[in-house]
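A closer look at the structure
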Amino acid sequence: MEPGEPRSGGFLTAGAIRRSPFLVLMLSILPALSSFAGVRHFTFLYEAPTSAPGSFESEDWVTWQRTTDPARSSEIAFRHEIEIGVTDKFQVSIYLADWFYTSDQDHSGFKYSDSALEFIYNLTNPVIDPIGLSIYQEYKGGDRVFEWESKVIAQKNFGPLVLAYNATLEAVWEGKNLGEREGEFQQAIGVSYEISPRFSVGAELLHEFVLPKWSDEEEIRNLFIGPNVSYRRANWFVTVTALAQATDSADEPDLQVRTIFGIGL
Amino acid sequence: MKLSIFAALACILVSCQSINYAPAVETSQRTGAQKGQHIDWATLREGRILFVHRCIECHTLPVVWHYTTDDWPKLVDSMSARASLKPTERDAILAYIIAARAQM
């Protein structure tokens, strides 16, 4: 999903949002107040452990992005995830509806983006094994867009310190007849330190290799880095990450902040 | 400067890794046998696996000797529901923690 890119299927006007932005934000997190969730130390990385079998978890994501090159624009993206633990090592997630609000010089408004299905299989444990590993697969489909994403998740716990690494390969087909193709390879590193049983702080780094039409002629490289903080209490948690762009890429956000709210049933 | 940061990070990792947050079942079993306790190896093994898989869904593993033998049942009970633990799983985790703590 590129910020500011026009999509079809809008159903809310900018006027309604300007009149009640707080109401919209609350509505976006209300679905989170009903289900169980395992805690996330990161928002731009996945961790190796999977959900307990038979568990149902809900997480709501809100990602704000600001772009200034070549033109000023902002976007708020929303995801609503239901995570289901199938076995001790396998979980499935359903993203019911990904949607976003975008605002630039030409237009603004809400639009539906896609829905998605995600599978994670855990191979090893980050505590007792030399390294914790999981494999991830996601399929995302929407209006004239289809995405396929594979990921290797690595994690190692050193007591209260969590180190995570994700390697992601993403393929996107979009446009009329899904004729436009793009690929992306991404590496992400995260570190989180548990200051107390309820509070963790850390940092995340994303390194992206964007491949328009699966070609690296343009050598598009993006680097984002920033801090994160996670708080958990009783059966809920909230994790926030703020990333700033360290490269000078156009059409990429200069700043993005992601918040994930999770709650248990 | 870079060397100082690297050295500080290395010290943190070494200090964290020098503590075994989930000692092997075999070690706990031997300790229990020396103290004349009855040991169910299968339960201790299951308890260790559950301890390192379920508990880290929400938080990193605590050092088992940070809490007393009397504290642990209450701690595990307070989090059993969130961790989706069945009663037998809760008992296995507690048995493992008590056995692991006994060797410290």
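For clarity, every value in this text was computed on a predicted model and none was experimentally measured.

Time to look at the overall build of chain B. Per the secondary structure count, chain B includes 5 helices and 0 strands. Seen in sequence order, chain B has helices and strands lined up from the N terminus as α-α-α-α-α. Within chain B, buried positions represent 39% of all 104 residues. Sequence separation of at least 24 residues holds for 66% of the intrachain contacts in chain B that already meet a minimum separation of 6. Total accessible area computed for chain B in this model is approximately 6,000 Å², and 63% of it derives from carbon and sulfur atoms.

Moving on, we get to the overall build of chain A. Scanning chain A for helices and strands turns up 2 helices and 13 strands. Counting all 265 residues of chain A, 49% fall into the buried class. Sequence-distant contacts, at least 24 apart, represent 53% of the contacts inside chain A between residues at least 6 apart. Carbon together with sulfur atoms contributes 62% to the accessible area of chain A, which is approximately 11,800 Å² in total.

This part is about the pairing of strand 4 (residues 90-104) of chain A. Residue and element names in this part refer to chain A. The pairing of strand 3 (residues 73-85) with strand 4 spans 11 bridges and is antiparallel. Across the sheet, the residue bridging to E83 is S93, located in strand 4. Between strand 3 and strand 4, which pair antiparallel and follow one another directly, the connecting turn spans 4 residues. Sheet analysis places strand 4 next to strand 5 (residues 108-122), joined by 12 bridges and oriented antiparallel. Across the sheet, W99 pairs through a bridge with Y112, a residue of strand 5. In this antiparallel pair of consecutive strands, strand 4 and strand 5, the connection spans 3 residues.

Okay, the interface of chain B and chain A next. On the side of chain A, 28 residues touch chain B, which itself brings 19 residues to the contact. Note on chain B versus chain A: buried area summed over both sides is about 2,000 Å², and carbon and sulfur give 63% of it. Area buried by chain B at its contact with chain A is led by E57, T60 and R82 of chain B, which between them contribute 30% of it. The tally of links from chain B across to chain A stands at 1 salt bridge. Among the ionic pairs, D88 of chain A bridges to R54 of chain B, the shortest N-O distance being 3.6 Å. A per-class count over the side of chain B that touches chain A returns 10 nonpolar, 5 polar and 4 charged.

Let's shift gears to the nonpolar core. Burial of nonpolar side chains together is a common tendency in soluble globular proteins. By size, the foremost hydrophobic cluster in this structure holds 22 residues, and its most contacted members are F51, L61, Y96 and I97 of chain B. By size, the runner-up hydrophobic cluster in this structure holds 12 residues, among which are I120, Y136 and F237 of chain A together with C58 of chain B.

This brings us to the confidence of the model for chain B. All names here are of chain B. Looking at chain B, pLDDT values average 79 and 71% of them are 70 or higher. Model confidence for chain B, summarised as mean pLDDT per element, is weakest for helix 2 (residues 25-34) at 54 and strongest for helix 4 (residues 71-79) at 92. Taken together, the chains of this predicted complex give a pTM of 0.83 and an interface ipTM of 0.79.

Moving on, we come to the confidence of the model for chain A. Segments scoring low in pLDDT should not have their predicted coordinates read at a detailed level. Residue and element names in this part refer to chain A. Of all residues in chain A, 86% have pLDDT values of 70 or greater, and the mean over the chain is 87. This stretch, residues 1-12, has a pLDDT under 50; its non-local contacts, to residues over four places away or in other chains, come to 37 contacts. Every residue in residues 25-37 is under pLDDT 50, and counting partners more than four places away or in other chains gives 39 contacts.

Rules used throughout
- Residues numbered from 1 in each chain as written.
- Chains lettered and ligands numbered in written order.
- Predicted model: local features only at pLDDT ≥ 70, side-chain atom pairs only at ≥ 80, totals over all residues.
- Heavy atoms only, no water.
- Helix = DSSP H or I, 4+ residues; strand = E, 2+ residues; numbered from the N terminus.
- Buried < 20%, exposed > 50% of the residue type's maximum accessible area, 1.4 Å probe, protein only.
- Contact = heavy atoms within 4.5 Å.
- Areas by Shrake-Rupley, 256 points an atom, 1.4 Å probe, with all protein chains shown as cover.
- Pairing = 2+ DSSP bridges.
- Buried area = accessible area lost by both parts, 1.4 Å probe.
- Salt bridge = Lys/Arg side-chain N within 4 Å of Asp/Glu carboxyl O.
- Nonpolar A, V, L, I, M, F, W, Y, C, P; charged D, E, K, R; others polar.
- Core = buried A, V, L, I, M, F, W, Y, C linked by side-chain atoms within 4.5 Å.
- pLDDT = per-residue confidence, 0-100.

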